[in-house]
Amino acid sequence: MPAIYTAQDLLMTVIGVGVLAMMVWALLDAARTRPDAFVAAGKRTKTFWLLVTGAATAVGFIFMFSPFNIFNLVAIVAAGVYHADVRPALRSVQQRGGGSGSHMGPYGPW
(Lines give C-alpha, C1' and ligand atoms only; values in the text may rest on other atoms or scores of the structure.)
Protein backbone atom coordinates (compact mmCIF):
# COMPACT_ATOMS: atom_id res chain seq x y z
CA MET A 1 0.00 0.00 0.00
CA PRO A 2 2.71 2.58 0.70
CA ALA A 3 3.77 2.41 -2.96
CA ILE A 4 0.29 3.54 -4.00
CA TYR A 5 0.46 6.52 -1.66
CA THR A 6 3.91 7.42 -2.99
CA ALA A 7 2.61 7.23 -6.57
CA GLN A 8 -0.37 9.40 -5.66
CA ASP A 9 1.86 11.98 -4.01
CA LEU A 10 4.12 12.04 -7.06
CA LEU A 11 1.14 12.46 -9.38
CA MET A 12 -0.27 15.29 -7.25
CA THR A 13 3.10 17.04 -7.32
CA VAL A 14 3.40 16.69 -11.09
CA ILE A 15 -0.11 18.07 -11.58
CA GLY A 16 0.62 20.94 -9.16
CA VAL A 17 3.82 21.88 -10.98
CA GLY A 18 2.04 21.71 -14.34
CA VAL A 19 -0.78 23.93 -13.12
CA LEU A 20 1.72 26.38 -11.64
CA ALA A 21 3.55 26.50 -14.99
CA MET A 22 0.26 27.38 -16.72
CA MET A 23 -0.34 30.19 -14.22
CA VAL A 24 3.19 31.59 -14.60
CA TRP A 25 2.78 31.47 -18.38
CA ALA A 26 -0.46 33.50 -18.11
CA LEU A 27 1.25 36.04 -15.86
CA LEU A 28 4.27 36.43 -18.14
CA ASP A 29 2.11 36.72 -21.23
CA ALA A 30 -0.03 39.40 -19.61
CA ALA A 31 3.11 41.28 -18.53
CA ARG A 32 4.58 41.22 -22.06
CA THR A 33 1.43 42.42 -23.82
CA ARG A 34 0.92 46.10 -24.63
CA PRO A 35 -1.63 47.86 -22.38
CA ASP A 36 -3.61 49.27 -25.32
CA ALA A 37 -4.18 45.76 -26.72
CA PHE A 38 -6.33 44.84 -23.70
CA VAL A 39 -8.58 47.85 -24.22
CA ALA A 40 -8.71 47.33 -28.00
CA ALA A 41 -9.74 43.69 -27.49
CA GLY A 42 -12.42 44.73 -24.96
CA LYS A 43 -10.87 42.64 -22.17
CA ARG A 44 -10.61 45.00 -19.16
CA THR A 45 -7.18 46.51 -18.48
CA LYS A 46 -3.66 45.20 -18.29
CA THR A 47 -3.50 46.03 -14.59
CA PHE A 48 -6.64 43.98 -13.92
CA TRP A 49 -5.25 40.92 -15.72
CA LEU A 50 -1.86 41.29 -14.07
CA LEU A 51 -3.59 41.27 -10.67
CA VAL A 52 -5.76 38.27 -11.57
CA THR A 53 -2.94 36.19 -13.03
CA GLY A 54 -0.53 37.30 -10.29
CA ALA A 55 -2.94 36.27 -7.56
CA ALA A 56 -3.58 32.98 -9.35
CA THR A 57 0.17 32.34 -9.57
CA ALA A 58 0.64 33.10 -5.88
CA VAL A 59 -2.19 30.73 -4.93
CA GLY A 60 -0.80 28.09 -7.27
CA PHE A 61 2.61 28.38 -5.63
CA ILE A 62 1.17 28.14 -2.11
CA PHE A 63 -0.95 25.08 -2.94
CA MET A 64 1.45 23.40 -5.37
CA PHE A 65 1.43 20.12 -3.45
CA SER A 66 -2.36 19.98 -3.11
CA PRO A 67 -3.65 21.18 -6.49
CA PHE A 68 -7.26 20.05 -5.99
CA ASN A 69 -8.30 22.30 -3.10
CA ILE A 70 -10.93 24.99 -3.69
CA PHE A 71 -8.52 27.95 -3.72
CA ASN A 72 -6.29 26.37 -6.32
CA LEU A 73 -9.28 25.39 -8.45
CA VAL A 74 -10.42 29.03 -8.50
CA ALA A 75 -6.88 30.08 -9.50
CA ILE A 76 -6.85 27.44 -12.26
CA VAL A 77 -10.12 28.82 -13.62
CA ALA A 78 -8.74 32.39 -13.56
CA ALA A 79 -5.61 31.41 -15.50
CA GLY A 80 -7.72 29.26 -17.81
CA VAL A 81 -10.00 32.19 -18.64
CA TYR A 82 -6.94 34.23 -19.54
CA HIS A 83 -5.60 31.48 -21.81
CA ALA A 84 -8.93 30.56 -23.43
CA ASP A 85 -10.58 33.97 -23.81
CA VAL A 86 -8.25 36.91 -23.25
CA ARG A 87 -5.08 35.67 -24.94
CA PRO A 88 -6.76 34.79 -28.30
CA ALA A 89 -8.50 38.17 -28.35
CA LEU A 90 -5.19 39.93 -27.68
CA ARG A 91 -3.47 37.92 -30.42
CA SER A 92 -6.16 38.87 -32.95
CA VAL A 93 -5.67 42.54 -32.10
CA GLN A 94 -1.88 42.28 -32.33
CA GLN A 95 -1.63 40.30 -35.56
CA ARG A 96 1.89 40.66 -36.82
CA GLY A 97 2.38 40.52 -40.56
CA GLY A 98 -1.31 39.97 -41.28
CA GLY A 99 -1.61 36.67 -39.46
CA SER A 100 -1.41 33.22 -40.96
CA GLY A 101 -3.57 33.15 -44.06
CA SER A 102 -6.20 35.52 -42.75
CA HIS A 103 -6.27 37.61 -45.95
CA MET A 104 -6.41 40.86 -44.03
CA GLY A 105 -5.28 44.03 -45.73
CA PRO A 106 -4.76 47.45 -44.20
CA TYR A 107 -8.45 48.30 -44.74
CA GLY A 108 -10.05 44.93 -44.04
CA PRO A 109 -10.35 41.49 -45.62
CA TRP A 110 -9.65 40.92 -49.30
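Above this note sits the structure.
What you see is a predicted model, and the numbers here were worked out from it, not measured in a lab. (Residues numbered from 1 in each chain as written. Predicted model: local features only at pLDDT ≥ 70, side-chain atom pairs only at ≥ 80, totals over all residues. Heavy atoms only, no water.)

**Things to note about a nonpolar patch on the surface**
In step 1: Together, Phe68, Ile70, Phe71, Leu73 and Val74 make up an exposed nonpolar region whose accessible area comes to about 530 Å².
In step 2: Turning to its location among the elements, valine 74 is positioned in helix α4 (residues 70–93). (Patch = residues over 30% accessible without salt bridge, like charges linked within 9 Å, V, L, I, M, F, W, Y side chains within 5 Å. Areas by Shrake-Rupley, 256 points an atom, 1.4 Å probe, with all protein chains shown as cover. Salt bridge = Lys/Arg side-chain N within 4 Å of Asp/Glu carboxyl O. Helix = DSSP H or I, 4+ residues; strand = E, 2+ residues; numbered from the N terminus.)

**Let's talk about the packing of helix α1 (residues 2–32) against helix α3 (residues 46–62)**
In step 1: Here α1 crosses α3 at 160°, and the two axes come no closer than 9 Å. Taken together, the axes of α1 and α3 lie roughly antiparallel to each other. In the packing of α1 onto α3, the handedness of the crossing is left-handed. For the pair formed by α1 and α3, the contact residues are Leu20, Met23, Val24, Ala26, Leu27, Ala30 and Ala31 on the first element and Lys46, Leu50, Thr53, Gly54, Ala56, Thr57, Gly60 and Phe61 on the second.
In step 2: Class assignment for the residues of the contact of α1 with α3 results in 10 nonpolar, 4 polar and 1 charged. (Axes fitted to C-alpha atoms, helices over the stretch in contact; angles between N-to-C directions. Parallel < 35°, antiparallel > 145°, perpendicular 65-115°, else oblique. Left-handed = near helix turned anticlockwise from the far one by under 90°. Contact = heavy atoms within 4.5 Å. Nonpolar A, V, L, I, M, F, W, Y, C, P; charged D, E, K, R; others polar.)

**A short note on the pattern of salt bridges**
In step 1: Tallied over the full model, the rule gives 5 salt bridges.
In step 2: Of the charged contacts in the structure, one is a salt bridge between arginine 34 and aspartate 36, with a shortest N-O distance of 3.0 Å.
In step 3: Residue classification places arginine 34 among the partly exposed residues on the basis of a relative accessible area of 43%.
In step 4: Overall, aspartate 36 belongs to the partly exposed group, its relative accessible area being 45%.
In step 5: Close ionic contact of lysine 43 with aspartate 85 constitutes a salt bridge, the shortest N to O distance being 3.0 Å. Of this pair, lysine 43 sits in the loop between α2 (35–40) and α3 while aspartate 85 sits in helix α4, and the two are 42 residues apart along the sequence.
In step 6: For lysine 43, a relative accessible area of 19% puts it in the buried group.
In step 7: One continuous salt-bridge network, built from bridges that share partners, spans Asp29, Arg32, Arg87 and Arg91. (Buried < 20%, exposed > 50% of the residue type's maximum accessible area, 1.4 Å probe, protein only.)

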